Amino acid sequence: MTGDAAAPSALDFRPSYGVAALAAAGVLLLYLVTLSPTTSMWDTSEYIAAAYTVGLPHPPGNPLFVLIGRLFALLPIAPTVAMRINVLAALSSAASAFFWFLITERVLVRWLPHRWQRLTGAALSAAIGATAFTVWNQSVVNEKVYTVSLLGIAAVSWLTVRWCDDPDGPTADRLLVLVAYLLGLGYANHMAGMLAAPAVGLAVLVRRPRTLLRWKLLLACTVALGFGITPFATQPIRAAHFPAINEGEPTACTNRIGVACTFSAETWDRFLYNFNRGQYGKPSLTERQAPFTAQVEMYWLYFKWQYWRDAYGERPGLQNALAVLFLILGVLGGWVHWSRDRRSFWYFGPLVFTMTLGLIYYLNFKYGHSQALELGDSVPREVRDRDYFYLWAFSAWSVWAALGLVYLWESVATVLSTDRKQLGASLTSLPSARSFALATPVLLVAALPLVGNWQQATRAGQTDTADFARDLLNSVEPYGMLVTVGDNDTFPLWYAQEVEGVRKDVLVVNTSLLNTDWYTRQVIRRPVYEYDRERGPAIYRDREWPKPRGPALLMTFAEADAVPLYVELGEQRTFVKDSLVATARRTTVTRAELLLYFLMRDSWPQRPMYFSRTAGGLPADLGFGPYVVTQGLARRVMERLVQPGGDIVFVRGEGMVDVTRSERLWRDVFEGNRSLAARNGWVDDASVGIPDLYVITGLSISEALAAADRGAISDSVFYDARAIATAMRRASVFGLDRPEFDVMPSDQPAPTPVRIPDSSGGRDTNRSPAP
């Protein structure tokens, strides 16, 4: 093996910043080629809208991201706001690759004598980390704030490694103060910004323990850390300006900002509640939500995804083999790191531990959405897969995986041929340059994640989430109220309304959030926006739509705040408004359900009431079932009992369908049905209910059209629905893969496809605590 005697010392090391920048540019190019042109499922829409409006996303609010995201939203670097903020995610991850490159090169400097060898190893690290599935998938759309956190962790890592090389050098103290500031700034982006702190502390303790006794330096670091967190101070101020996205509303000001309300005890209490994520009720770490072994198994499941994302179970053997290979390479690289460069290991080793086993224990997740499926609902599960919480670990693992691969490369080269070289007073056998060249094919292992993850990680050309938002909003008549239930049927609507300016006249009411006092105040406060007739669907241009006046919910803030979380109705379960008589199925209703009755009381039918089809049986639970008719992707509460006749057709398993309105929406207005049919699969199983919703809707409309003797159009809509199911690779779920569907003359009844329950809308209101 190559001896240290031939390698330069750490103090003589000159980082290859230019080459690292080229590697980062290559990573950025990959991300831009596979970049999402718009929004996506889960929190993407929430964060893009929050950044664009300088609002507050869900607690603790991520103020640094909001400020940076707003800046990127204004930069003329892409044609749309969403794409500009997606570039922020891509740029952050590419910059992280820059730092992992430098760290890998720095470790190799005490091992390999030739610069080209060290640069090769560093490039391997950048490539492996950039193409790990979760890193790549999160870097091409700004679903969360995690790529910005990744950049902060990588930057802190590089600075700490440099400090470890010369803890008594002229810049050592300044490096530590800068590290402390970046840790605080990272926390203002996301709590993961502090993940590197334990490793920094341990590295200081091992390398120069007396540093901990220098009170002036410690004071400077504390001040820098506190200064880094100061973006949180913007929250009570911005919240009192009542932006459209204002989750948690950490201010006591109710109508306008003021000194007295801003600096009140109530503002402080609300801010702390938001800052500490009080509404999510984090369990004690001693109260395990799943066995620790199961939580480690969840991590292993997500680790297997990183190097060949086999989303449809087509190559499980290859996925498992590559996972084991990259695990072995990483462990081998960690051993090499310990053996060759203990200085930097005292930081990087603890960092890897913190972001793997330490983070697994701290996050205390339930069983993963895709984990141990044979257990079914017998165990508590996360509502979605949480691989993104380990993005930092998967990215940093690339350093050790690259070191392990370089060790393997060198070992193969040694077997092929060696040269005898004089090192000091002795002759040593070292692999020759020719043998290194002959062993180069070993390094192609680093390219496998690029090949195996491209189809699943890319989001290029995907517009279906934004299309879904417009389709759902356009299913609602002007000035309607639309009830939604989860993340995936709400956040895209926020994006469409606040970023694209689509159908702001529709009042979106999320039942999960309506259980909070702050959201109810926002429903009351929201202005009535003018319906844009020219931008709206043509189907609504046949008449004038009078604009409602005043709030949809006629309550004072004090009255709204006083509504309890649960209300016992007893025998008083019947709601009466004009000719509508609705009897609730349960004697106890939630705060949100009671407020829906109040919305009906105060604004309906002047403002039509719709339930997103993702709401499932909620209208029936409230007693509105006999009055509900399906129009596109929503169900409207009619003023009288709905009976079949005219445009209203009864569809088995669906209920009453407005066949004419739904058919026109499907064929003339909707865009999501076409963009989904152009997809090749749907990787995220937890949100597949949204494309399923289109399939169910298309089948229902087709059946309604057939019942109305409109066979040719029925066939067309049916094949549209089947095309979506096929594109999602879910035709078998609906029974649409049977041969009898290949040819279906319009004068013959269609075989009955298998139906599945309505989508939940991707409810993620009980979020697990972030690190």
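Throughout this document, residue positions are counted from 1 along each chain, in the order its sequence is written. Under the rules for a predicted model, residues below a pLDDT of 70 receive no local features and side-chain atom pairs below 80 are neither given nor counted, while totals for whole chains, interfaces and linings still include all residues. Only hydrogens and water are removed before side-chain values are computed, so all heavy atoms of the structure are retained for them.

### Comments concerning the overall build of the chain
When helices and strands are counted, the chain shows 30 helices and 13 strands. Atoms counted for the radius of gyration: C-alpha only. Globule rule: 2.2 Å times the number of residues to the power 0.38. Over its C-alpha trace the chain gives a radius of gyration of 29 Å, about what one expects of a compact globule, namely 28 Å for 771 residues. Reported as C-alpha extents along the three principal axes, the dimensions of the chain are approximately 100 × 70 × 50 Å. For every residue, the accessible area (1.4 Å probe, protein chains only) is compared with the maximum for its type, and the residue is labelled buried under 20%, exposed over 50%, or partly exposed between those bounds. Within the span of the chain, comprising 771 residues, buried residues form 60% of the whole. When checking whether two residues touch, look at their non-hydrogen atoms; a contact exists if any pair is within 4.5 Å. Counting contacts in the chain only where the partners sit at least 6 residues apart, residues at least 24 apart contribute 74% of the total. Carbon and sulfur atoms make up 60% of the accessible area of the chain, which totals about 29,500 Å². The positive count covers Lys and Arg only, the negative count covers Asp and Glu only, and His and the chain ends enter neither. For charged residues, the charge sits on one atom: NZ in Lys, CZ in Arg, CG in Asp, CD in Glu. Of the charged side chains in the chain, 72 are positive and 69 negative; the average position of the first set lies 7 Å away from that of the second. Helix and strand assignments come from DSSP, with helices taken as H or I runs of at least 4 residues and strands as E runs of at least 2, each series counted from the N terminus. Note on areas: these come from Shrake-Rupley sampling with a 1.4 Å probe, and a residue is covered only by the protein chains present in the view.

### Examining the packing of helix H14 (residues 292-305) against helix H16 (residues 342-363)
Inter-axis angles, ranging from 0 to 180 degrees, are taken between N-to-C directions of lines fitted to C-alpha atoms, where helices are fitted over the stretch in contact. Two elements in contact, H14 and H16, have axes whose closest approach is 10 Å; the angle formed by their N-to-C orientations is 125°. Between H14 and H16, the crossing angle belongs to the class labelled oblique. Of the two possible hands of crossing, H14 and H16 adopt the one that is right-handed. Within the contact between the two elements, H14 uses Phe292, Gln295, Val296 and Tyr299 and H16 uses Thr356, Leu357, Ile360 and Tyr361. All residues other than Ala, Val, Leu, Ile, Met, Phe, Trp, Tyr, Cys, Pro, Asp, Glu, Lys and Arg, Gly among them, are scored as polar; the first ten of these are nonpolar and the last four charged. Across the contact of H14 with H16, the residue classes break down as six nonpolar, two polar and no charged. Each angle receives one of four descriptions, namely roughly parallel if under 35 degrees, roughly antiparallel if over 145, roughly perpendicular if within 65 to 115, and oblique otherwise. In this scheme the handedness of a crossing depends on how the near helix is turned from the far one: anticlockwise by less than a right angle means left-handed, clockwise means right-handed.

### Quick notes on a nonpolar patch on the surface
A cluster of nonpolar residues, Leu29, Val33, Leu450, Val451 and Trp454, forms a patch on the protein surface that exposes about 460 Å² of accessible area. Mapped by element, the contributors of at least two residues to the nonpolar patch are helix H1 (17-33) and helix H19 (448-457). It is H19 that contributes the most residues to the nonpolar patch, three residues altogether. Residues enter patches when they are more than 30% accessible in relative terms and free of salt bridges; like-charged ones are connected within 9 Å and nonpolar ones (Val, Leu, Ile, Met, Phe, Trp, Tyr) within 5 Å. By convention in these notes, a salt bridge is any Lys or Arg side-chain nitrogen within 4 Å of a carboxyl oxygen on Asp or Glu.

### So, the pairing of strand E11 (residues 634-637)
Covered by surrounding structure in E11 are Ala634 and Arg636 together with Arg635 and Val637, the residues of both alternating faces. For two strands to count as paired, DSSP must find a minimum of two bridges between them. As paired elements, strand E9 (residues 609-612) and E11 share three bridges and run antiparallel to each other. Looking at the pairing, Phe611 lines up with Arg635 of E11. As paired strands, strand E10 (residues 628-631) and E11 are joined by four bridges and run antiparallel to one another. Note on E11: the bridge partner recorded for Thr630 is Arg635.

### Section: H19
Buried within H19 are the following residues: Pro449, Gly452, Asn453, Gln456 and Ala457. Projected onto a plane normal to the axis of H19, the buried residues spread over an arc of 115° and lie on a single side. Within this analysis, the arc is defined by the directions that extend from the helix axis to the C-beta atoms.

### Details of the pattern of salt bridges
Under the counting rule described, the total for this entry stands at 36 salt bridges. Where Asp341 meets Arg106, a salt bridge forms, and the shortest distance between an N and an O atom there is 3.0 Å. You can see Asp341 sitting in the loop between helix H15 (316-340) and H16 and its partner Arg106 sitting in helix H4 (residues 81-108), a full 235 residues away along the chain. Counted as one network, the salt bridges with shared partners bring together Arg106, Arg110, Arg162, Asp165 and Asp341.

### Describing the packing of aromatic side chains
Aromatic rings from Phe, Tyr and Trp, taking only the six-membered ring of Trp, are treated as a pair when their centres fall within 6.5 Å; an angle between ring planes under 30 degrees marks them as stacked, one over 60 as edge-to-face, and anything in between as tilted. Under the definition given, this model contains 54 aromatic pairs. Where Tyr146 meets Tyr388, the ring centres are 5.4 Å apart and the plane angle is 15°; that geometry is what we call stacked. Pair noted here: Tyr146 is in helix H7 (residues 146-165) and Tyr388 is in the loop between H16 and helix H17 (391-416), with a separation of 242 residues, a long-range link. There is no split in this pair, since Tyr146 and Tyr388 are both buried. Ring centres 6.3 Å apart and planes at 70° place the aromatic pair Phe468 and Tyr694 in the edge-to-face group. Here Tyr694 lies in helix H29 (residues 689-707) and Phe468 lies in helix H20 (residues 464-474), a separation of 226 residues in the sequence. Taken individually, Phe468 and Tyr694 each receive the classification buried, so the pair is uniform in this respect. Over the aromatic face of Tyr361 sits the side chain of Arg288, whose NZ or CZ is 4.2 Å from the ring centroid. In this scheme, Lys NZ or Arg CZ marks a charge over a ring once it lies within 6 Å of the ring centre and within 35 degrees of the ring normal.

### Examining the confidence of the model for the chain
On average, residues of the chain score 92 in pLDDT, and 93% of them are at 70 or above. Across residues 753-760, where pLDDT falls below 50, the model places 29 contacts with residues more than four positions away in sequence or in other chains. Segment residues 765-771 is flagged for pLDDT under 50; beyond a separation of four residues in sequence, or across chains, it makes 38 contacts in the model. What pLDDT expresses is the predictor's confidence in each residue, scored from 0 to 100.

### What about the nonpolar core?
Definition of nonpolar core: a set of buried residues of the types Ala, Val, Leu, Ile, Met, Phe, Trp, Tyr and Cys, connected through side-chain atoms within 4.5 Å. Of all hydrophobic cores here, the largest spans 172 residues; its most connected members are Tyr347, Phe348, Trp392, Phe611, Phe624 and Val637. Grouped together as the second largest cluster of nonpolar side chains are 53 residues, Met41, Val528, Ala634 and Val649 included.

### Thoughts on H17
Helical geometry: 3.6 residues make up each α-helical turn, so side chains three or four residues apart lie on a common side. Between the first and last C-alpha of H17 there are 37 Å, a value that for 26 residues agrees with the 38 Å anticipated at 1.5 Å per step. Burial analysis of H17 places 21 of its 26 residues in the buried class, the great majority of the element. For a helix, the expected span equals 1.5 Å multiplied by the residue count minus one.

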